[in-house]
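# A structural walkthrough
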Amino acid sequence: METEFKEVEVVNRKSSFNSKDLTVRLLALALTLVAAVLLGVSKETTTVSITLVSSLPPVDLPVTAKWTQMSAFVYFVIANAIACSYGATSLILILVTRGRNKLVSLTVTILDLVMVGLLFSTIGATGSIGLIAYKGNSHVQWDKVCNVFGKFCNQIAVALFLSFAGSIAYLVLIVLAALKLHKKF
């Protein structure tokens with residue numbers, strides 16, 4: 001019996017996305033996911049002594065700090081969840097189209113830019129509230145609270161850093177797209 005071998009021509013198809021793009025996109029997805037989850041699960045309860053009248057003993061009250069109590073923190077969690085969902089969707093779209101669909105590539109690049117703006121705005125809002133929590137504001141008699149809720153404040157700081165790193169990853173994706181466009185011309 002004779003076996004026939006057919007020659008198979010391997011075509012090297014170069015897609016318009018590369019491994020750097022996919023790696024950075026996956027990194028942005030992971031960073032925004034961890035930032036949203038980290039702040040979304042942050043909660044700390046502590047007991048605070050309050051003196052109502054100097055002749056009476058202080059009253060101990062349990063006080064809880066949660067991310068849902070501040071609108072900036074709610075915005076932060078939602079914005080990072082949006083950026084993470086977008087990251088997963090764009091990753092799937094790029095993999096399915098193999099980066100060859102120009103409309104999808106353009107849309108993804110524009111939405112990358114939108115994600116940078118969204119993440120930078122939420123980092124600014126949350127960072128300003130975090131700074132007030134850390135230092136207080138003596139002009140309006142706002143006391144600092146990070147000396148009471150240390151774990152909660154540390155989680156906010158780490159989530160801010162992760163979200164900032166995620167926004168930088170989206171910014172790198174825009175730079176990679178601009179460089180790829182520059183090489184074509």
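Read on for a plain summary of the structure. Position labels on residues start from 1 in each chain and follow its written sequence. With the structure being a predicted model, the display of local features is reserved for residues of pLDDT at least 70 and the display and counting of side-chain atom pairs for 80 or more, all residues being used for whole-chain, interface and lining totals. Hydrogen atoms and water are omitted, and side-chain values are computed over all heavy atoms in the structure.

One speaks of a salt bridge when a side-chain nitrogen belonging to Lys or Arg is within 4 Å of a carboxyl oxygen belonging to Asp or Glu. In total, this model carries two salt bridges according to the counting rule given. Through salt bridges with shared partners, a single network forms among Asp21, Arg25 and Asp112.

Bringing the nonpolar core into the picture now. By nonpolar core is meant a set of buried Ala, Val, Leu, Ile, Met, Phe, Trp, Tyr and Cys residues that side-chain atoms within 4.5 Å join together. Throughout this description, buried means an accessible area under 20% of the type-specific maximum (1.4 Å probe, protein chains only), exposed means over 50%, and partly exposed covers the range between. With 16 residues, the main nonpolar core has Ala83, Tyr86, Val108, Met115 and Tyr170 as its most contacted residues. Looking at this core, the elements that each hand over two or more residues are α1 (19–40), α2 (71–97), α3 (102–135) and α4 (150–184). With five residues, α3 is the single largest residue contributor to this core. Not counting the four nearest positions on each side in its chain, Tyr86 is found in contact with Arg25, Val108, Leu111, Asp112, Met115 and Tyr170. Listed in part, the 15 residues of the second largest apolar core include Phe73, Val77, Ile123 and Phe149. Put simply, DSSP H or I for four residues or longer makes a helix, DSSP E for two residues or longer makes a strand, and each gets a number counted from the N terminus. Residue contacts are counted whenever heavy atoms from the two residues lie within 4.5 Å of one another.

Turning our attention to the packing of aromatic side chains. One pair of aromatic rings is described through two measures. These are the centre distance and the angle between the planes. Any Phe, Tyr or Trp ring, taking Trp's six-membered ring, that has another such ring centre within 6.5 Å forms a pair; planes under 30 degrees apart are called stacked, those over 60 apart edge-to-face, and the others tilted. In the structure shown here, the tally under the stated rule is three aromatic pairs. Note on Tyr86 and Tyr170: the rings are 6.0 Å apart at their centroids and 40° apart in plane angle, and the pair reads as tilted. In this pair, Tyr86 is assigned in helix α2 and Tyr170 in helix α4, connecting sequence segments 84 residues apart. Here Tyr86 matches Tyr170 in class, with each residue buried.

This part is about the environment of Leu26. Tracing the chain through its elements places Leu26 in helix α1. The partly exposed category is assigned to Leu26, whose relative accessible area is 47%. Along the sequence, Leu26 and Leu91 sit 65 residues apart, while their C-alpha atoms lie 7.4 Å from each other.

Relative to the elements of secondary structure, Val63 occurs in strand β2 (residues 59–66). Residues Val63 and Phe149, 86 residues apart in the sequence, show an inter-C-alpha distance of 9.6 Å. Discounting chain neighbours no more than four positions away, the residues touching Val63 are Glu44, Thr45, Thr46, Val48 and Phe149.

It is worth spelling out α2 at this point. One fewer than the residue count of a helix, multiplied by 1.5 Å, yields its expected span. End to end, α2 covers 38 Å across 27 residues, agreeing with the expected 39 Å (1.5 Å per residue, within 8%). Arg98 sits one or two residues past α2 and shows a positive phi near 55°.

For any two helices packed against each other, the geometry is given by the interaxial angle and the distance between the axes. For every element, the axis is a line fit to its C-alpha atoms; helices are fit only across the contacting stretch, and the angle between N-to-C directions ranges from 0 to 180 degrees. α2 packs onto α1 with a crossing angle of 155° between their chain directions and a minimal axis gap of 8 Å. One element, α1, and the other, α2, form an angle in the roughly antiparallel class. Considering only the axes of α1 and α2, their crossing is left-handed. For this classification, the nonpolar set comprises Ala, Val, Leu, Ile, Met, Phe, Trp, Tyr, Cys and Pro, the charged set comprises Asp, Glu, Lys and Arg, and every other residue, Gly included, is treated as polar. Residues that form the contact of α1 with α2 fall into these classes: 18 nonpolar, five polar and two charged. Orientation is classified from the angle alone, with under 35 degrees giving roughly parallel, over 145 giving roughly antiparallel, 65 to 115 giving roughly perpendicular, and any other angle giving oblique. The handedness criterion is simple: a crossing whose near helix is rotated anticlockwise from the far helix by less than a right angle is left-handed, and one whose near helix is rotated clockwise is right-handed.

Okay, the side chain of Asp112 next. Mapped onto the fold, Asp112 is located in helix α3. In this structure, Asp112 is in contact with Arg25, Tyr86, Tyr170, Leu173 and Ile174, ignoring residues within four places of it in sequence.

This part covers the environment of Leu111. Mapped onto the fold, Leu111 is located in helix α3. Counting along the chain gives 24 residues from Leu111 to Gly87, while the straight-line C-alpha distance between them is 9.7 Å.

We now examine α3. Its 34 residues give α3 an end-to-end C-alpha distance of 49 Å, which sits within 8% of 50 Å, the value for a rise of 1.5 Å per residue. Every buried residue belonging to α3 is among Val104, Val108, Asp112, Met115, Val116, Leu119, Thr122, Ile123, Thr126, Gly130 and Ala133, and all of these are buried. Gly136 occupies a position one or two residues after α3 and carries a positive phi of about 80°.

What follows covers the packing of α1 against α4. The contact between α1 and α4 brings their axes to 8 Å, and the two run at 160°. When the interaxial angle is binned, α1 and α4 end up roughly antiparallel. Between α1 and α4 lies a crossing of left-handed hand. Of the residues assigned to the contact of α1 with α4, the class counts are 17 nonpolar, four polar and three charged.

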